[in-house]
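Architecture at a glance
Letter by letter, the chains look like this.
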Amino acid sequence: MKNTVFYYLLFCWLITSCTPRYSGTVSGASFYEPGKETLLSADSGIITEITPYQNELNTIMNEVLVRSDVAMEKGKPESLLGNFVADACFSIVVKKYHHEKGIDFCFLNNGGLRNSLSPGDITRRNVFELMPFENELVVLTMKGEAIKKILFYISNSGGVPVSNLRMKLTADGYSDVLINGQPFDSTLIYKVVTSDYLANGGDGMNMLSERINLESLGIKVREAIIESMLAAASRNESLKPGTDGRITK
């Protein structure tokens, strides 16, 4: 019963925190405020039942994971936020899952980043607001000819979050592509990290169905972000993401 109530409360927090009423507000999201209509206000008995779990959830959500020296927002062709998230996902997958198999690059989408990160303390709540979805990381094995379609998609989009990939956007597509520091070769096979949402055709990425193989890793994008933050904190480091020209026009 305890787990059921706790996860129901977490679900309600995710629902309320993703509505326009709470958009961009870290401290404003709550389950019950006197005089305000909420999902749970219709039944005071439920409020009484879940209050201890709300307190427990708030403690978890208010945990400081790391400090950031800069504000991070998404943007194109690259951004501090996009670079940080893509690098975090790429690094976690390489270190934990594929350190011997090899991963070539990571790409995500700007639409999946739902909030910015302010400078200072970053809490678990901030990461849930940034990435409220349950998207998981997957590894796609793809032929170079299919990778060309991804590169055209990135170009047509004006840039997306990427890691271990460098390219120039041109009027008719792209040029000067480097993957793993090496020129892109359409005759090779590549291993690519992305989200299961994109791998299943989300955001118009139907070309990802041309994969040779899909490997599910069982780790959410959000979990990779949190793990990367905790790793930095364990080294007594703050976050100092930057832009490095990985995608230029």
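Everything below is about the structure printed above this text.
The structure contained in this document is the topic of the report that follows. As the structure is a prediction and not an experimental result, all values here were calculated from the model.

Quick look at the packing of aromatic side chains now. With the rule as written, the count across this model stands at three aromatic pairs. Seen from their ring centres, F105 and F107 are 6.3 Å apart, and the 35 degrees between their planes marks the pair as tilted. In this structure F105 comes out as buried when scored by relative accessible area, which is 0%. The interplanar angle of 65 degrees and the centroid separation of 4.9 Å between the aromatic rings of F152 and Y174 together place this pair among those described as edge-to-face.

You can see N135 is positioned in the loop between α4 (124-130) and β4 (136-143). On the basis of relative accessible area, N135 is assigned to the buried category, the value being 17%.

Bringing the pattern of salt bridges into the picture now. If you walk through the whole model with that rule in mind, you get 13 salt bridges. Residue R124 is joined to E63 by a salt bridge in which the shortest nitrogen-to-oxygen separation is 2.7 Å. Taken together, the residues R124 in helix α4 and E63 in the loop between α2 (44-61) and β1 (64-68) connect sequence positions 61 residues apart. Overall, the relative accessible area of 19% leaves R124 in the buried class. Close ionic contact of K148 with E145 constitutes a salt bridge, the shortest N to O distance being 3.4 Å. Of the two residues, K148 and E145 are both situated in helix α5 (residues 144-157); the distance of three residues between them amounts to about one turn of the helix. Accessibility expressed as a relative area gives 25% for K148, which makes it partly exposed. Through salt bridges that share partners, E78, D87, D244 and R246 make up one connected network.

Right, let's talk about the environment of K74 for a bit. With respect to the secondary-structure elements, K74 resides in the loop between β1 and α3 (80-96). Overall, the relative accessible area of 42% leaves K74 in the partly exposed class. Residues K74 and N110 lie 36 residues apart in sequence; the distance between their C-alpha atoms is 6.8 Å. When sequence neighbours within four positions are dropped, the list of residues in contact with K74 reads S79, L81, N110, G111 and L113. Looking at K74, its side chain comes within polar contact range of the main-chain oxygen of N110, at 3.2 Å.

Rules and cut-offs
- Residues numbered from 1 in each chain as written.
- Predicted model: local features only at pLDDT ≥ 70, side-chain atom pairs only at ≥ 80, totals over all residues.
- Heavy atoms only, no water.
- Phe/Tyr/Trp six-rings, centres within 6.5 Å; stacked < 30°, edge-to-face > 60°.
- Buried < 20%, exposed > 50% of the residue type's maximum accessible area, 1.4 Å probe, protein only.
- Helix = DSSP H or I, 4+ residues; strand = E, 2+ residues; numbered from the N terminus.
- Salt bridge = Lys/Arg side-chain N within 4 Å of Asp/Glu carboxyl O.
- Contact = heavy atoms within 4.5 Å.
- Polar contact = N/O pair within 3.5 Å; in protein donor to acceptor, adjacent residues only side chain to side chain.

These values are about where atoms sit, not about what they do.
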